[in-house]
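Coordinate inspection notes
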Amino acid sequence: MTVSSEPNKRMGYRAGEEKDLENIMTVIHDAQRTMGEAGLDQWQDGYPSEEVILGDIRKGESRIWEEEGKILGTAMLSFRGESDYDRIYDGEWKLGDVSYATIHRIAVLSADRRRGTAGKLLKAMEEEIRKNGFSVIRMDTHRDNVPMRTWLGSHGFLHCGTIFLGRTEEMRLAFEKSLSSEK
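Here we summarise the structure given alongside this text. Starting afresh in each chain, residues are numbered from 1 along the sequence in its written order. Per-residue local features of the predicted model are confined to residues with pLDDT of at least 70, and side-chain atom pairs are confined, for both listing and counting, to 80 or more; whole-chain, interface and lining totals are unaffected and use all residues. The basis for the side-chain values is all heavy atoms of the structure; hydrogens and waters are excluded.

**Quick notes on the overall build of the protein chain**
- To qualify as a helix, a DSSP run of H or I must reach at least 4 residues; to qualify as a strand, a run of E must reach at least 2; elements of each kind are numbered from the N terminus. On a plain count of helices and strands, the protein chain comes out with four helices and seven strands.
- For the protein chain, the α and β elements follow one another from N to C terminus as β-α-α-β-β-β-α-β-α-β-β.
- Put simply, the radius of gyration uses C-alpha atoms, and a globule should come to 2.2 Å times the residue count raised to 0.38. For a compact globule of 183 residues, the expected C-alpha radius of gyration is about 16 Å, and the protein chain comes in at 16 Å, within 12% of that figure.
- With respect to the principal axes defined by its C-alpha atoms, the protein chain has extents near 50 × 40 × 30 Å.
- Looking at the protein chain as a whole, 49% of its 183 residues are labelled buried.
- Carbon and sulfur atoms form 48% of the exposed surface of the protein chain, whose accessible area is close to 9800 Å². Residue exposure (1.4 Å probe, protein chains only): buried if accessible area is under 20% of the type maximum, exposed if over 50%, otherwise partly exposed. Residue-level accessible areas treat just the shown protein chains as cover; the underlying method is Shrake-Rupley with a 1.4 Å probe.

**Regarding unusual backbone geometry**
- Going from Tyr-47 to Pro-48, the amide bond is cis rather than trans, its omega being -5°.
- With respect to the helices, strands and loops of the structure, Pro-48 is situated in the loop between helix H1 (21–37) and helix H2 (50–58).
- Residues other than glycine seldom take positive phi values, yet Trp-43 does so here, at roughly 65°.
- Mapped onto the elements, Trp-43 comes out in the loop between H1 and H2.
- Of note, Asp-90 is a non-glycine position whose phi angle comes to about 55°, a positive value.
- On the accessibility criterion, Asp-90 (72% relative accessible area) is exposed.

**Structural notes on the packing of aromatic side chains**
- Only rings of Phe, Tyr and Trp enter the pairing, Trp through its six-membered ring, and a pair is recorded when the two centres are within 6.5 Å. The plane angle decides the type: under 30 degrees is stacked, over 60 is edge-to-face, the rest tilted. A full pass over the atoms with the stated rule returns four aromatic pairs.
- Considering the side-chain rings of Tyr-85 and Tyr-100, the 6.2 Å spacing of their centres and the 35° angle between planes classify their relative orientation as tilted. Taken together, the residues Tyr-85 in the loop between strand E3 (70–78) and strand E4 (101–108) and Tyr-100 in the loop between E3 and E4 connect sequence positions 15 residues apart. Accessibility assignment for this pair places Tyr-85 and Tyr-100 in one class, buried.
- On the basis of an interplanar angle of 75° and a centroid distance of 5.5 Å, the ring pair of Tyr-89 and Phe-164 is categorised as edge-to-face. You can see Tyr-89 sitting in the loop between E3 and E4 and its partner Phe-164 sitting in strand E6 (residues 158–164), a full 75 residues away along the chain.

**Let's talk about the sheet that holds strand E1 (residues 11–15)**
- Whether two strands pair depends on DSSP finding at least two bridges between them. Pairing in this open sheet of seven strands is mixed, and the strands run E1-E2-E3-E4-E5-E7-E6 from one edge to the other. Since the sheet does not close on itself, it has two edges, and those belong to E1 and E6, each with one partner. Across this sheet, the average inter-strand angle for adjacent strands is 30°, counted without regard to direction.
- Sheet analysis places E4 next to strand E5 (residues 136–141), joined by two bridges and oriented parallel. Looking at the pairing, Ala-101 lines up with Ile-137 of E5.
- Working rule for contacts: check all heavy atoms of both residues, and any pair within 4.5 Å makes them a contact. Throughout, an axis means a line fitted to C-alpha atoms (over the contacting stretch in the case of helices), and angles, computed between N-to-C directions, take values from 0 to 180 degrees. Strands in contact with H2 are strand E2 (62–67), E3 and E4; relative to E4, the strand with the most contacts, it is inclined by about 130°.
- Relative to the sheet, helix H4 (residues 146–154) contacts E4, E5 and strand E7 (171–178), its axis offset from that of E5 by approximately 165°.

**Quick word on the environment of Ala-38**
- Tracing the backbone through its elements, the reader meets Ala-38 in the loop between H1 and H2.
- Separated by 107 residues in the primary sequence, Ala-38 and Asn-145 place their C-alpha atoms 9.3 Å from one another.

**Looking at the nonpolar core**
- If you look at the biggest cluster of nonpolar residues, it comprises 24 residues, and the most contacted ones within it are Ile-103, Ile-106, Met-125, Ile-129 and Met-139.
- Where this core is concerned, the elements lending two or more residues are E3, E4, helix H3 (117–131), E5, H4 and E7.
- Considering each element in turn, this core owes the most residues, six residues, to H3.
- Not counting the four nearest positions on each side in its chain, Ile-103 is found in contact with Ala-75, Met-76, Leu-77, Leu-122, Met-125, Ile-129, Ile-137, Arg-138 and Met-139.
- The nonpolar core is taken to be a set of buried Ala, Val, Leu, Ile, Met, Phe, Trp, Tyr and Cys residues, with the residues joined through side-chain atoms within 4.5 Å. Counting residues in each nonpolar core, the second largest holds 18 residues, with Ile-24, Val-27, Met-35 and Leu-109 among its members.

So, to be careful, I would describe these as geometric facts and stop short of saying anything about function.
Set out below in structure tokens:
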């Protein structure tokens, strides 16, 4: 965990653990509620479930951002590649056939949005990605999730095309970012 320069304000990035499951699910349920209230059908079918998040934790792929002991943000970070990304339609991966890290299920408590929490979580994941020898990140989102699409663009991700999720065959917009030119 990192410690901020502000006295008595601990904050940092770390892997999610089984003891964090309830608090991670609080963030997930808050995101599901927020998306539903915005009229977005993404994550409205119970996904991601506690079982999915527990799987992320057990595979060592769960990441969290916490401040003062409270989990404010969560994501899944994988270095295994993503079979749903093997085929891209209406475009192409801008960086070609390269090894990449994948980020899924990124969510921040609604009370902490617009405070930079998601950006802090992303920056910490980018550091980890670089340390693991990768320089490309791929993500996807629902076509109607305009806030996420805007956030991706503002953080250097380029729209590359369309992919389909194997679990549901739903269409998603695919994004990619190169870390090689960043410091």
